[in-house]
Amino acid sequence: TTLNKNHIKKIYLRYFDVEINPKTNQPFPIGVIHFEDTTAGFTIVPVVYIKNDVMLNTFVDVNGLVSKISKLIGQINNKKNISVQEIQIDCDWTLASKDKYLHFINEFKKNNPVLLSATIRLHQVKYFDKTKIPNVDKGVLMYYNMGKIASDGSNSIYNKKIADKYLMSLKHYPLSLNVA
């Protein structure tokens, strides 16, 4: 396979997304992964994307959300006999959702005795005094999606001019970051 040819041993694998179900107004997993191939020989890092709307929803019980996400990750791992040493939470939290998100991260870390990583956006690095820093073991800087998607052919993935506005902030960010 391509992974083996390129000597890839560690895979950050999206397990599912969490969105608000419009009928129940409660968090619900979307697009749960179904494995077709073996994961033997690979280190799997489950990634769960939580839509910011979940954190903005006043009816969401953080402890219940932690429990349900942890349980679903465990069920997926048990089904495929996967043992994990790291879980990654992906959420583009904002000032309005910050408190609930940081509470979620603290509770998730207490309930999952593995390394915990989180995705970090450029604006969260630049304004970390306001957005705060999640209580995780490491962050993954999402160093892409810097422009607007447009039909004029401009590059929305990477824009040096936009990137340069954030680079100075990286020196002062107090969390260890990898780059995606």
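Predicted model, so just to flag it, every value in this text is computed and none were measured.

**Some points on the sheet that holds strand β4 (residues 86-90)**
- Read from one edge of the open sheet, seven strands run β2-β1-β3-β4-β5-β6-β7, paired in mixed fashion. A single partner strand is all that each edge strand has here, and the edge strands are β2 (27-30) and β7 (177-179). The average angle at which neighbouring strand axes cross in this sheet is 30°, direction not considered.
- Sheet analysis places strand β1 (residues 10-20) next to strand β3 (residues 43-50), joined by eight bridges and oriented parallel. Within β3, the residue paired with leucine 13 across the bridge is proline 46.
- Its contacts with the sheet place helix α3 (residues 62-79) against β1, β2, β3 and β4, and it is angled at close to 135° to β1.
- Of the strands in this sheet, β3, β4 and β5 (115-120) touch helix α4 (residues 98-111), which is tilted by about 170° from β4.

**Brief notes about the nonpolar core**
- With 39 residues, the main nonpolar core has Phe16, Ile50, Ile69, Ile89, Tyr101, Phe104 and Phe108 as its most contacted residues.
- At the level of elements, β1, β3, α2 (52-56), α3, β4, α4, β5 and α5 (122-126) are the ones that each hand at least two residues to this core.
- Considering every element that reaches this core, the biggest residue donor is α3, with seven residues.
- If sequence neighbours within four positions are ignored, phenylalanine 104 has contacts with Ile50, Met55, Val62, Leu65, Val66, Ile69 and Ile89.

**Considering the pairing of β4**
- Among the five residues that make up β4, five are buried, leaving the element largely enclosed by the rest of the structure.
- Of the two faces of β4, both are covered, the one formed by Glu86, Gln88 and Asp90 as well as the one formed by Ile87 and Ile89.
- Here β3 pairs with β4 via three bridges, running parallel. Each bridged residue has a counterpart across the sheet, and for valine 47 the counterpart in β4 is glutamine 88.
- Both β4 and β5 contribute to a ladder of four bridges, which runs parallel. Paired with glutamate 86 across the strands is leucine 115, a residue of β5.
- On the question of chirality, the crossover connecting β4 to the parallel β5 by way of α4 is right-handed.

**Re the side chain of asparagine 77**
- Residue position: asparagine 77 is located in helix α3.
- Residue asparagine 77 is classed as buried on the basis of its relative accessible area of 7%.
- A polar atom in the side chain of asparagine 77 sits 2.5 Å from the side chain of tyrosine 15.
- Those residues in contact with asparagine 77 that sit more than four places away from it in its chain are Tyr15, Pro46, Ile82 and Val84.

What counts, and at which threshold
Residues numbered from 1 in each chain as written. Predicted model: local features only at pLDDT ≥ 70, side-chain atom pairs only at ≥ 80, totals over all residues. Heavy atoms only, no water. Pairing = 2+ DSSP bridges. Helix = DSSP H or I, 4+ residues; strand = E, 2+ residues; numbered from the N terminus. Axes fitted to C-alpha atoms, helices over the stretch in contact; angles between N-to-C directions. Contact = heavy atoms within 4.5 Å. Core = buried A, V, L, I, M, F, W, Y, C linked by side-chain atoms within 4.5 Å. Buried < 20%, exposed > 50% of the residue type's maximum accessible area, 1.4 Å probe, protein only. Right-handed = clockwise from strand over helix to strand, strands pointing away. Polar contact = N/O pair within 3.5 Å; in protein donor to acceptor, adjacent residues only side chain to side chain.

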